[in-house]
Every structure is written in structure tokens, then in C-alpha cells.
Amino acid sequence: MGMAINNLPQIREECEIFQWSDKQLREVMVRLHSAIEKGLGRDTHESSIVKCWLSYIQDLPNGKERGKFLALDLGGTNFRVLIINLGDNHFDMQSKIYAIPQHIMTGTGIALFDHIAECLANFMKEHGVYEERLALGFTFSFPLKQLGLTKGILQRWTKGFSCSGVVGTDVVQGLKDAIARRGDLSLSVMGILNDATGTLLSCAHKERHCKIGLIIGTGSNACYVEKTEACETFEGGLSKQDMVVNTEWGAFGDDGALDFVRTEFDREIDQHSVNPGKQIQEKMISGMYLGELVRLALVKFTRMGLLFGGRGSDLFFQRGSFYTKYVSEIESDKPGDFTSCMEVLEELGLSHATEADMAGVRHVCECVSRRAAHLVSAGLAVLLNKMGEPRVTVGIDGSVYRFHPHFHALMCEKIAQLIRPGLQFDLMLSEDGSGRGAALVAAVACREIQKAT
Ligand code: GLC
């Protein structure tokens, strides 16, 4: 037994690849900005990487929406069915989470939609609305080429889904077909939207400066309010002034634009994912990958003899064993305290970790999450600069933002450095944007129909 050697300096040095200078961040911004412009442009859209899909949402809620609506929320960690009552001074909502078993996530599209319709029917029975004809909003958080508020063609699956026969088809039709196969429900599907869009809508319902919606959860994405005239792919003719644009910025980097800052760990995550080469920016930011990024770095440092006396454990060497929630837990320990860190390491079979090891683990977590927060900040700064409005609120949802102890502070600091002087912003946690947003879309659509008849 030798003396405890402090390997922290060397771990810090190894982690420098996760630390981006402002110069690098600004280069990322230049590239993202041009990718967004390409997505919006008529002639460049086809070959663009950041697609900037139109949401066909042109009216933000004004707080006066009323009624009872159903909502489906597919695309995060959970699938949920909700019933929402928009009242004068209240917003009641009841919801139930249903599992999407792995074999359904990677099975056929028919099985997926049948499962969704079945959960919906059970939910309606339990809530005594099985016989009612209710309006439904569908939050479907995958890249959709929308051709209207109720028509969206799936472009690719993300976040571990890979159901066959759905890419290239209209997802609303898929849902309607499944409902028709059952034959027992009568519903009107009033709109389909993305979770980022839902988050924007539900925040705008309360705060009129809200013009950006952001998700940092299982995946990462942002949407924002653009001038309709800048949306060159829009064929709706002259219409309302604004349009919510779903950037699908998770795909940024799929053409190599981020290669100058990617690490060996990023490449390894990508190679072992179900969608290699795709969603490169998302793989540096979101909850589906952050824990695994930390694990890969820790494994490397263990093999180098810098951690745990060079000894890991079977679980620790297994892919996916280091959950992203561990990163939040470890960073929630006060400086100098390693209570949560020790618990996590024990769960992973690493109870032989010393305090120096724990300091090293914590440092790796901090570097990986800081990089994610900075990359998101660069993205938001691009949108804020592009919009050029004096004051914008960003509505944010997702487990990483919600549960990580420092993400919010890291973002506030970095965005302030990256935006043009004179612009102001607020970051606002959204309470269940996916669910409420779906109800609001349905409500606004019902209102517009009533207006027209
Ligand atoms: C993925 C999806 C996107 C969604 C995001 C957050 O990036 O492609 O549609 O908004 O995850 O859930």
C-alpha cells in the first residue's frame, strides 16, 4: 500500500477537452446561425441540417382559452395521456403515465399506434369521458415536416425509438387509423406539435414576452417565433405576421460542423447509438447521453490508473449504467461533501473509491454538464441575436434543466456574455409544457374554427 496519490491535476488536464473557449463558442454560434438560415431558405432548405420546420402555429394563446381537452405526449422518457380543463382562473389537469416497453419502441409503427390508442381508451374510461367527443392535441416530439396543423410527416426517429413503417408517413393519420381500428372512440385530433413548441405556448399563455421554447431533457431542441416572411418554405400565402419555427437543432453537427470540438467520448457515444451520425449536438447536451459521456471518461481515467486504484466493477464497465440523474445528484453535494457521490459510486460497485477519487468523479461531471450548458447557451444566444427583440423570455422544460443544480446559473452567465449588448432575456421553467401546450393548440384551433363558422 503506497501513500494516497492525488491524481486530480492530471484528471483536470485530461478534462480540458470539454472546456470550450469563448472563441470556440462564438465559432459554434456562427455555424449554427448559418445552419438556421439555410433551414429557413427556400433554395437551401432541402440540403440543410438544421431543418427549421414550420409548426403552422401562428397564434399564441392569449390566456382566454377555455374548455376540456385531451392531450397525448409522446417522445420524452414517458408516454402520457392527459385531460385538461382550461377555466377562468384555473388550469386543472389530470394525467397518467404509461410505459412504452422497449419492444414497442423498436417494433412496428402499427403496434406503437395501437398501444397509444389503447392507453387513450383506458384513460378515457377511467376519467368517465369514454363516450364524449373531445378535441385532442398531440405532442409528438420527433422531427416532423408539418404540412398543416394536423398533418406531419415523420423525418427520422430520435432518442432511441426506431418503429418501422412510420418515417415518411403522416403521424396524425397513423393515430387516426389506430383509433379507427378500435372503432370505439370518437375524437377530433385538432393539432400536432413538438414539445419545444408546447413549452413555448404554455409559457406564452402566462407571459407575453415568451418567444422561445427550449427542451433540455431526454433530447434537446428549441423553437422560436419567426417572421412569417422569413419562413421561405411556407406556402400558405399571405397570412399572419408570425410563425413558430421548430429548429430541430439537435441535428446540428450532423455534417461535421461540430467536429472541431468533439471528443473521443462523443464519437464513442455516437457509434454505439441507434442513430449513428445523427443528432450530434443533441448527443452533447441531453439527458439520454450526459451520464454515459461521464462514464466513458471515468472508464478511460480508471484504465489509465487515475481513478479507483485502477479497479472498476462489472456494472461500471457496462454501457448505460451511469444515469444522467447521477450527474445532478453528484453536483448537488456541497463543496467538500461527497455524500451523494459516495452513494452513486456504491450503487455502481465502486465502494473502494477514496475521497480523491470522488473529487475526480465530481470534476468530470462538472466538465460534461458545463459543456452542455454552454452549448445550449450558444444556441440560445444565436436565436436571441437573430430575433433582436429587446426583451425575450425563454420557456424551458426537460429533466436536465429541471434537476441539475447549476444548469440555470451556468446558462444565465454564458448567454449574457454571448448576446448583443442591450438585449435582455429571462429563463423561465415551464410547468409541463408538453401537456398544456397540446391542450392550448387544441383550444386555439377550436376557437379559430368557431370564428370561421
Ligand atoms: C429530439 C426530437 C425533437 C424534440 C427533442 C426534445 O431532438 O427530435 O423533436 O423536441 O428531442 O424532446
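The notes below deal with the structure included here. Worth saying up front: this structure is predicted, and the values here are computed from it rather than measured.

On to the packing of helix 9 (residues 290-303) against helix 12 (residues 355-387). The description of two packed helices rests on the angle between their axes and on the distance between the axes. One can describe the packing of helix 9 onto helix 12 by two numbers: an axis separation of 10 Å at closest approach and a directional angle of 140°. Between helix 9 and helix 12, the crossing angle belongs to the class labelled oblique. For helix 9 against helix 12, the interelement crossing comes out right-handed. When helix 9 is examined against helix 12, the residues L290, L293, V294, A297, L298 and F301 are found in contact with a partner set consisting of V361, V364, C365, V368, R371 and A372. Along the lines of polarity and charge, the residues of the contact of helix 9 with helix 12 split into 11 nonpolar, no polar and one charged.

With that settled, consider the side chain of H374. Topologically, H374 is positioned in helix 12. Setting aside its immediate chain neighbours within four residues, H374 contacts L25, L410 and K414.

Most of the time, phi is negative for any residue but glycine, and the peptide bond is trans. Of note in the backbone geometry, C52 takes a positive phi value of approximately 50° without being a glycine. The phi angle at F308 is positive, at roughly 50°, despite the residue not being glycine. On the secondary structure map, F308 appears in the loop between helix 9 and helix 10 (324-332).

Moving on, we get to the packing of aromatic side chains. All chains considered together, the criterion is met by 13 aromatic pairs. Where Y56 meets F234, the ring centres are 5.7 Å apart and the plane angle is 65°; that geometry is what we call edge-to-face. One end of the pair, Y56, is in the loop between strand 1 (53-54) and strand 2 (67-74); the other, F234, is in the loop between strand 10 (220-227) and strand 11 (242-246), and 178 residues separate them in sequence. Residue placement shows R31 over the ring face of F260; its charged tip is 4.4 Å from the ring centre. If you follow K125 out to its NZ or CZ, it ends over the ring of Y130, 5.0 Å from the centre.

This brings us to the sheet that holds strand 11. Taken in spatial order, the six strands of this open sheet run 1-11-10-9-12-13, and their pairing is mixed. Since the sheet does not close on itself, it has two edges, and those belong to strand 1 and strand 13 (424-429), each with one partner. As paired strands, strand 9 (residues 210-216) and strand 10 are joined by five bridges and run antiparallel to one another. Paired with I212 across the two strands is Y224, which belongs to strand 10. The strands touched by helix 12 within the sheet are strand 9, strand 10, strand 12 (391-397) and strand 13, with strand 9 carrying the most contacts at an inclination of about 165°.

About the thresholds
- Throughout, residues of each chain are indexed from 1 in the direction in which the sequence is written.
- Confidence filtering applies because this is a predicted model: local features only for residues at pLDDT of at least 70, side-chain atom pairs given and counted only at 80 or more, and all residues used for totals across whole chains, interfaces and linings.
- Excluding hydrogens and water, the side-chain figures rest on all heavy atoms present in the structure.
- Each axis is a line fitted through C-alpha atoms, and for a helix only the stretch in contact is used; angles between axes span 0 to 180 degrees, taken between their N-to-C directions.
- Only DSSP runs of H or I covering at least 4 residues are called helices, and only runs of E covering at least 2 are called strands; the numbering of each starts at the N terminus.
- Geometric relationships in this document are graded by angle, where less than 35 degrees denotes roughly parallel, more than 145 denotes roughly antiparallel, 65 to 115 denotes roughly perpendicular, and other angles denote oblique.
- What makes a crossing left-handed is the near helix being turned counterclockwise from the far one by less than a right angle; a clockwise turn instead makes it right-handed.
- Working rule for contacts: check all heavy atoms of both residues, and any pair within 4.5 Å makes them a contact.
- Under the scheme applied here, ten amino acids are nonpolar (Ala, Val, Leu, Ile, Met, Phe, Trp, Tyr, Cys and Pro), four are charged (Asp, Glu, Lys and Arg), and all others, including Gly, are polar.
- For this analysis, a ring pair means two rings from Phe, Tyr or Trp (six-membered ring only for Trp) whose centres lie within 6.5 Å, classed as stacked if their planes differ by under 30 degrees, edge-to-face if by over 60, and tilted for the remaining angles.
- Placement of a charge over a ring requires the Lys NZ or Arg CZ to be within 6 Å of the ring centre, with the centre-to-atom vector within 35 degrees of the ring normal.
- Here, any two strands with at least 2 DSSP bridges between them count as paired.

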